[in-house]
Amino acid sequence: MAATGPVTSMTALARAALRAPLTRRARDELLFCLAGVLVGLAVLGVVVALLVPGTARSVVRAVAIVAVLLPLALATGLGRRLGAAHRRLAEGLLGERVPPPALPRQGSLGRLGAGLRDGPSWRALAYTLLKAPIAVAEGYAVFLWAAGLANLTYPFWWGLFRNHPPGVRLSPVLAGTPFPGRVLHIGTYPGTFLAFAAGLFMVLAAPWVTRAVVAADRRLLRGLLGPGRLAERVRDLEQTRALAVDDSATLLRQVERDLHDGAQIRLATLAMHLGMAKEKLGDDGDPLDVAGARELVDAAHQNAKDALAELRDLARGIHPPVLDNGLADALATLAAGSAIPVELATDIPVRPTPAIETIAYFCAAELLANAAKHSSASRIGLRATGRGDLLLLSVTDDGGGGADPGGSGLSGLAQRVSTVDGRLEVASPPGGPTRVVVELPLRA
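Just so it is clear, the model here is predicted, and its values are computed rather than measured. (Residues numbered from 1 in each chain as written. Predicted model: local features only at pLDDT ≥ 70, side-chain atom pairs only at ≥ 80, totals over all residues. Heavy atoms only, no water.)

**Q** How should I be thinking about the overall build of the chain in this particular structure?
**A** Regarding its fold elements, the chain presents 13 helices and seven strands. Among the 444 residues that make up the chain, the fraction classed as buried is 33%. Across the chain, the fraction of contacts at a sequence separation of at least 24, relative to all contacts at a separation of at least 6, is 69%. With the model as given, the accessible surface of the chain reaches about 26,500 Å², and the carbon-plus-sulfur share is 63%. (Helix = DSSP H or I, 4+ residues; strand = E, 2+ residues; numbered from the N terminus. Buried < 20%, exposed > 50% of the residue type's maximum accessible area, 1.4 Å probe, protein only. Contact = heavy atoms within 4.5 Å. Areas by Shrake-Rupley, 256 points an atom, 1.4 Å probe, with all protein chains shown as cover.)

**Q** Help me understand the pairing of strand S3 (residues 342-347) in this model?
**A** Here is the key point about a regular strand: its side chains alternate between the two faces of the sheet. Pairing analysis gives six bridges linking S3 to strand S4 (residues 380-387), with the strands arranged parallel. When the sheet's bridge partners are listed, Ala 345 is paired in S4 with Arg 383. (Pairing = 2+ DSSP bridges.)

**Q** Honestly, the packing of helix H6 (residues 119-152) against helix H7 (residues 154-161) in this entry has me stumped. Any pointers?
**A** Between two packed helices, both the angle of their axes relative to each other and the distance between the axes serve to describe the pair. For the pair H6 and H7, interaxial distance at closest approach is 6 Å and the crossing angle is 55 degrees. It follows that H6 is oblique to H7 by the angle criterion. Of H7, the residues touching H6 (which contributes Ala 150, Asn 151 and Leu 152) are Tyr 154, Pro 155 and Phe 156. The residue inventory of the contact of H6 with H7, partitioned by class, reads five nonpolar, one polar and no charged. (Axes fitted to C-alpha atoms, helices over the stretch in contact; angles between N-to-C directions. Parallel < 35°, antiparallel > 145°, perpendicular 65-115°, else oblique. Nonpolar A, V, L, I, M, F, W, Y, C, P; charged D, E, K, R; others polar.)

**Q** Even after reading the chapter, I still don't get the environment of Ala 26, so can you show me in this structure?
**A** Take Ala 26: it is sitting in helix H2 (residues 24-51). It is 7.8 Å that separates the C-alpha atoms of Ala 26 and Arg 211, two residues lying 185 residues apart in sequence. Aside from chain neighbours lying at most four places away, what touches Ala 26 is Ala 20, Pro 21, Trp 145 and Pro 207.

**Q** Got a minute to help me understand helix H4 (residues 78-94) in this structure?
**A** Compared with an ideal rise of 1.5 Å per residue, which puts 17 residues at 24 Å, H4 spans 24 Å between its outermost C-alpha atoms and is within 8% of the ideal. Of all the positions in H4, only Gly 79, Arg 80, Gly 83, His 86, Arg 87, Ala 90 and Leu 94 are classed as buried. Mapping the buried residues of H4 onto a view down its axis gives an arc of 125 degrees, with all of them on the same face. Exposed side chains of H4 directed beyond 90 degrees from the buried face belong to Arg 81, Arg 88 and Gly 92. Note on H4: the residue one or two positions beyond its end, Gly 95, has a positive phi of about 70 degrees. (Expected span 1.5 Å × (residues − 1). Arc of directions from axis to C-beta.)

**Q** Sorry if this is basic, but what is going on with the sheet that holds S4 here?
**A** As a general point, the strands of a sheet are linked pairwise by backbone hydrogen bonds and lie either parallel or antiparallel. Read across the open sheet, the five strands follow the order S3-S4-S5-S7-S6; overall the sheet is mixed. A strand with exactly one partner marks an edge of an open sheet, and here the two such strands are S3 and strand S6 (423-427). Each strand axis lies, on average, 10 degrees off the axis of its neighbour in the sheet, ignoring direction. Taken together, the eight bridges between strand S5 (residues 390-397) and strand S7 (residues 434-441) define a ladder with antiparallel strand orientation. Counterpart to Asp 397 in the pairing with S7 is Thr 434. Across the sheet, helix H11 (residues 327-336) touches S3, S4 and S5, and the angle it forms with S3 is around 180 degrees. On top of the sheet, helix H12 (residues 354-375) reaches S3, S4, S5 and S7; it is set at about 10 degrees to S5, its chief contact.

**Q** What am I meant to see in the packing of aromatic side chains here?
**A** Each aromatic ring pair is described using two quantities: the centre-to-centre distance and the angle formed by the ring planes. Evaluation of the coordinates by the stated rule reveals five aromatic pairs. Pairing Trp 157 with Trp 158 gives two aromatic rings, centres 6.0 Å apart and planes at 35 degrees, and the pair type is tilted. The class for Trp 158 is buried, based on a relative accessible area of 6%. (Phe/Tyr/Trp six-rings, centres within 6.5 Å; stacked < 30°, edge-to-face > 60°.)

**Q** Honestly, the pattern of salt bridges in this entry has me stumped. Any pointers?
**A** For side chains bearing opposite charge, pairing can occur when the charged atoms are close. Scanning the entire structure with this criterion turns up eleven salt bridges. Taking the shortest distance from any N to any O, the salt bridge between Asp 217 and Lys 131 comes out at 2.7 Å. In this pair, Asp 217 is assigned in helix H8 (residues 189-225) and Lys 131 in helix H6, connecting sequence segments 86 residues apart. Taken as a pair, Asp 217 and Lys 131 share a single burial class, namely buried. (Salt bridge = Lys/Arg side-chain N within 4 Å of Asp/Glu carboxyl O.)

**Q** Help me understand the nonpolar core, please; the structure alone is not making it clear to me.
**A** Generally speaking, nonpolar side chains in soluble globular proteins are found buried as a group. Leu 331, Leu 382, Leu 393 and Leu 440 are the most contacted members of the largest nonpolar core, which has 31 residues in total. Those elements that place two or more of their residues in this core are H11, H12, S4, S5, helix H13 (408-418) and S7. With nine residues, H12 is the largest single contributor of residues to this core. Sequence-distant contacts of Leu 440, defined by excluding residues within four places in its chain, comprise Ile 356, Ile 359, Ala 360, Asp 389, Leu 390, Leu 391, Val 417, Val 420 and Gly 422. (Core = buried A, V, L, I, M, F, W, Y, C linked by side-chain atoms within 4.5 Å.)

**Q** Looking at this structure, how should I read H7?
**A** Side chains that are three or four residues apart share a direction in an α-helix, a result of its 3.6 residues per turn. Among all positions in H7, only Tyr 154, Pro 155 and Trp 158 are buried. What you see down the axis of H7 is that its buried residues fit within an arc of 85 degrees, all on one side. Among the exposed residues of H7, those pointing more than 90 degrees away from its buried face are Phe 156, Leu 160 and Phe 161. Buried residues along H7 sit in contact with H6, strand S1 (173-176), strand S2 (183-186) and H8.

**Q** Mind showing me how you'd approach a nonpolar patch on the surface here?
**A** Together, Leu 38, Leu 41, Leu 44 and Val 48 line one region of the surface with nonpolar side chains, adding up to about 390 Å² of accessible area. Summarising the element assignment, Leu 41 is placed in helix H2. (Patch = residues over 30% accessible without salt bridge, like charges linked within 9 Å, V, L, I, M, F, W, Y side chains within 5 Å.)

Shown next as structure tokens:
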């Protein structure tokens, strides 16, 4: 029984190794390497054409040509178009979506000046030039595929083309190996099985070599063709500001709607009942209808209490008073009021700012309500911990799973969390369990 685990792991690894050359990922990464080899050859061809015949005069001429063509390429947006082409290729073959950099600002410098100062264009040209050395590694990956597949065919065609009469000696046939510059000399039919074994090894190793080369190219692609860190941070802040403005506007509209549809109607009804009661009592002398006036005053009293309750709920929705004692007590109140038993654990050594506490409270309340409505769970776990400068809030349940992160409830929480540079992660496979983690900074 103890050896079952290692044997199962080895079997799974062997299956993965045998299936790797047949997967769609291996095919797409091979095509990406082929495209990289073509780009590298094109770059190398341009460099060779500029430097031939290799004299000092040709070097000066190459420098002069580059000095003239480079500003023109930047001014015409060639660098950005090259970057866009590389991004489309990576997205189409690898599924790697690299966001484009922000558009350049021409300002008073003119088209040429803006092009020369356009960082994304320079980075795109640098990436294109770096494809030449990267193409060497990509070419080796392509070689493993091509030579390996060719070696696998040796035992099958040998008898068709090497069926010479006895006594005739033919030159050995060359077969590739994983080591560049080294070949196998196959002169007999039994030797074809050595080529077959080498080919099998190369084909099985090719997907992993290709994957490693593509992974290096991916990192270079993200670093040079995506938005710079500062530009990406500015874009995130712009999106966060827009989300915060939208969230504030939505909250104000909700408050206005609640006041209009709730407390305002209650107070209007209160005034109407008091006016009717006044008429029942009369202006002077004996009251006209004391019993009717008493009923109207009772109704007005009830309307006043209902209006106060709605105003109290409205204020609690803006900032729950229970948060005055800290997030831990507020979460304990939520757990106590849940329809499903909640296991609560809190460890928050540093108290977050009020804005963060409010967001965490409403996230917990929404997640507990969702679990009670949709999960069919028997138990819920609620945990809030402080870790460094972060507040981690997690809600788990043993329900049926299948929660959709794109739904209105979870997407709304993700939007609210993102306004303070927070994150919301959802893991809810079909059949359960469901785990939602909210990561917030301690200070907004």
